[in-house]
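Residue strings, one per chain:
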Amino acid sequence: VTVEGVIDGSVVLPCSSDEHDLKLQEVDVSWRHNGSINVCDLTPHSNLLETQDPRYKSRTETFPEEYDRKNFSIKLTGLTYADAGTYICLITPSDEQATVLLIIN
């Protein structure tokens, strides 16, 4: 999936699970930028954002009301050129992965 954004704008990075037997209380979702930078970790049953890279502090928005629908998309605000690149959403324990390419215009 490719998403385009503009400087100082915002984008939604899509990620959802197709796993029917996924129990929300067992799910962990990790968002990573360019392989290693921690954008945010979603633990839908507790909403922890502890291990977030400082660069994304106050710039990520989650949608807890969507978790029941297995939608773990995030919104990134205040975009900069440094935000361009590949974002990976990893859903455990189902091992599903979504890759989103962000282009900044």
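Not measured: the values here are computed from a predicted model.

S.K.: Is there a simple way to think about the overall build of the protein in this case?
M.R.: Assigned secondary structure in the protein consists of 0 helices and 8 strands. The C-alpha atoms of the protein give a radius of gyration of 13 Å, which matches the 13 Å a tight globule of 105 residues would have. With respect to the principal axes defined by its C-alpha atoms, the protein has extents near 40 × 25 × 25 Å. Every one of the 105 residues in the protein was classed for burial, and the buried ones make up 40%. Sequence-distant contacts, at least 24 apart, represent 56% of the contacts inside the protein between residues at least 6 apart. Side-chain charges in the protein split into 8 positive and 17 negative, and the spacing between the mean points of these groups amounts to 4 Å.

S.K.: Help me out: how do you make sense of the sheet that holds strand β2 (residues 11-13) in this one?
M.R.: Whether parallel or antiparallel, the strands of a sheet pair through hydrogen bonds between backbone atoms. Judged by pairing direction, the sheet is antiparallel, and its 3 strands sit side by side in the order β2-β6-β5 without closing on themselves. Each edge of the open sheet carries a strand with a single partner, namely β2 and β5 (60-62). For this sheet the average axis-to-axis angle between neighbouring strands, irrespective of direction, equals 30°. Sheet topology note: the β2/strand β6 (residues 74-76) ladder contains 3 bridges and is antiparallel. Across the sheet, residue Val11 finds its bridge partner in β6, namely Leu76.

S.K.: Got a minute to help me understand the packing of aromatic side chains in this structure?
M.R.: Scanning all chains against the criterion turns up 1 aromatic pair. Judged by centre distance (5.7 Å) and plane angle (35°), the ring pair of Tyr67 and Phe72 falls under tilted. Assessed through its relative accessible area of 2%, Tyr67 is described here as buried. With relative accessibility at 0%, the residue Phe72 sits in the buried group.

Thresholds, definitions, all that
Residues numbered from 1 in each chain as written. Predicted model: local features only at pLDDT ≥ 70, side-chain atom pairs only at ≥ 80, totals over all residues. Heavy atoms only, no water. Helix = DSSP H or I, 4+ residues; strand = E, 2+ residues; numbered from the N terminus. Rg over C-alpha atoms; globule rule 2.2 N^0.38 Å. Buried < 20%, exposed > 50% of the residue type's maximum accessible area, 1.4 Å probe, protein only. Contact = heavy atoms within 4.5 Å. Lys, Arg positive; Asp, Glu negative; His and termini not counted. Charge placed at Lys NZ, Arg CZ, Asp CG, Glu CD. Pairing = 2+ DSSP bridges. Axes fitted to C-alpha atoms, helices over the stretch in contact; angles between N-to-C directions. Phe/Tyr/Trp six-rings, centres within 6.5 Å; stacked < 30°, edge-to-face > 60°.

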